[in-house]
Amino acid sequence: MSEAAHLKIEEKFFSPLGHQIHQESTFFFPLLVISERSHQHSSHHHSFCFHIMSSIFKLPNEVVLRILKSLNTEKVTELVHYFKNIESALPIMVLLYQRLFGGVLLILNGAPRVDSRADFGLTISAFEDKMVNDGSFEGKLFQHVRPKLIEFKFTRQTSDYHQFISDLNGLLRLLESNDLNICSYFEHAQQINIHIDAHLVFIENPDSLNSIIIKLLLELSRHNLTQKINKFTIKSSEIGSLYVAHWSKLFQYFSSLNTLDLSENLIRSNHEHFLDVWGMLKKFPSNLTTLNMNNNMLTYISKDFIYNLPPSLEVLLMNQNEVEIVEPCDLLEPLPNLKNWSLNYTKLCVLSPIMFKNCGKDFVLGIKSTYLPESDLIKLQAIAKSRGFKILL
């Protein structure tokens, strides 16, 4: 590589950090062990590496990691490729991999429909292989560095039915695994998000896919990962037609869950012999702030349903359902933190304005394209004006 090319790399990656580096501690980087003798006999290529290392990697590990975090993933990956085959750069590689593996880890199905960005990404099968079979330098580091966030994101392509089921089974296999590396990795994970988009179309037979999703939910509810899941999405499936009274109770075990997306799952208000399946008992964890039930088949919202929602709830999305009736209650009594309730594009025709008599100025009610009578709309608008909250019509 020419001197001009070396200088270009140095300028691209390190010049913007010069001021920050100058202000940091000048203690020597403890992992950097390069003998003066090997430096004297190196090529210009290795002299340049030493120049970079002496300018940045003399700093303490925690300082270098802070500097590397200011670089985007693409630049860190380029640095990994640059230093990968330089034997004396092994300590640098340790910190570069710590930067990549310690950020956001994305675990995907084999043929995802949606592109996603992360610090490091693997398919579910590649993750399992890396944890169980990879004895390389990179593999060992991956097994021991814990990411700040693990995001399982499974988005199915229309033509990928059987492979998608296979990938979900792969996730189930990981959860049930007794492999020490896998168990330790998940045990020390900091935060986890799970996103499953089944992307079902009506011509398909969904039974196998729905069953594996419900089985995953059951396994997760009793796994130690449960306490670390912050966001959970199950969408575009038909789990609303199977065992709803049973699986709907499992979310209460996800104690760290703050966002739950159950949109597009054919969820109904009644199921089998249960007339109000979502009004039966408390179903959601006490820290939940956002519940998305858009694009389902709910027909009414009972008082029991509202009172069994967690008081922490801030956003309740029920757009594009079949909702006709909301049973009256004082909304702010069970849901004192509610800021947004969206009932847009529903069949809503019964909604008592008095429900909102105590709502504050930060509250927003969405009732676009509903069938509410003009008299109720006038009363709602009068209450909204006196209380200072917004109505989206």
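Use the structure listed above.
Residues numbered from 1 in each chain as written. Predicted model: local features only at pLDDT ≥ 70, side-chain atom pairs only at ≥ 80, totals over all residues. Heavy atoms only, no water.

J.: Outline the overall build of the chain, supporting the account with residue identities and numerical values.
T.: The helix and strand tally for the chain stands at 15 helices and 13 strands. Expressed as a percentage of its 393 residues, the buried residues of the chain come to 51%. Contacts in the chain between residues far apart in sequence, at least 24 positions, make up 76% of those at least 6 positions apart. Here the chain displays about 18800 Å² of accessible surface, and carbon together with sulfur accounts for 53% of that area. (Helix = DSSP H or I, 4+ residues; strand = E, 2+ residues; numbered from the N terminus. Buried < 20%, exposed > 50% of the residue type's maximum accessible area, 1.4 Å probe, protein only. Contact = heavy atoms within 4.5 Å. Areas by Shrake-Rupley, 256 points an atom, 1.4 Å probe, with all protein chains shown as cover.)

J.: Account for the sheet that holds strand E2 (residues 120-123), naming residues and giving values.
T.: Paired through backbone hydrogen bonds, the strands of a sheet run either parallel or antiparallel to each other. Taken together, the 11 strands give an open sheet; going across it, the order is E2-E1-E3-E4-E5-E6-E7-E9-E11-E12-E13, and neighbouring strands pair in parallel fashion. The two strands at the open ends of the sheet, each matched to only one other strand, are E2 and strand E13 (390-392). Adjacent strand axes in the sheet meet at a mean angle of 10 degrees, parallel and antiparallel pairs treated alike. As defined by bridge partners, strand E6 (residues 259-261) adjoins strand E7 (residues 290-292) across three bridges and the pair is classed as parallel. If you follow Thr-259 over to E7, its bridge partner there is Thr-290. (Pairing = 2+ DSSP bridges. Axes fitted to C-alpha atoms, helices over the stretch in contact; angles between N-to-C directions.)

J.: Before we move on, can you summarise the packing of helix H5 (residues 61-69) against helix H7 (residues 90-101) with the specific residues and values?
T.: Across the interface, H5 lies against H7 with an axial gap of 10 Å and an inter-helix angle of 55 degrees. Relative to H7, the element H5 lies oblique. The chirality of how H5 crosses H7 is right-handed. Note on element contacts: H7 touches H5 through Leu-95, Leu-96, Gln-98 and Arg-99, opposite Asn-61, Val-64, Leu-65, Leu-68 and Lys-69. A breakdown of the residues in the contact of H5 with H7 according to their chemical character gives five nonpolar, two polar and two charged. (Parallel < 35°, antiparallel > 145°, perpendicular 65-115°, else oblique. Left-handed = near helix turned anticlockwise from the far one by under 90°. Nonpolar A, V, L, I, M, F, W, Y, C, P; charged D, E, K, R; others polar.)

J.: Outline the pattern of salt bridges, listing residues and values.
T.: Within the structure shown, the criterion is met by nine salt bridges. Close ionic contact of Asp-197 with Arg-113 constitutes a salt bridge, the shortest N to O distance being 2.6 Å. With a gap of 84 residues between them, Asp-197 in strand E4 (residues 192-197) and Arg-113 in the loop between strand E1 (104-108) and E2 connect regions that are remote in the sequence. Overall, Arg-113 belongs to the partly exposed group, its relative accessible area being 32%. Between Asp-134 and Lys-130 there is a salt bridge, with its nearest N and O atoms 3.2 Å apart. By the burial criterion, Asp-134 is buried, and Lys-130 matches it. Taken together, the salt bridges that share partners define one network made up of Lys-130, Asp-134 and Glu-138. (Salt bridge = Lys/Arg side-chain N within 4 Å of Asp/Glu carboxyl O.)

J.: Now, about the nonpolar core: what can you tell me, with residues and values included?
T.: Core analysis: the largest hydrophobic core is formed by 112 residues, its most contacted members being Phe-232, Trp-278, Leu-331, Trp-341 and Phe-356. Discounting chain neighbours no more than four positions away, the residues touching Leu-331 are Ile-306, Leu-338, Trp-341, Met-355, Phe-356, Cys-359 and Phe-363. (Core = buried A, V, L, I, M, F, W, Y, C linked by side-chain atoms within 4.5 Å.)

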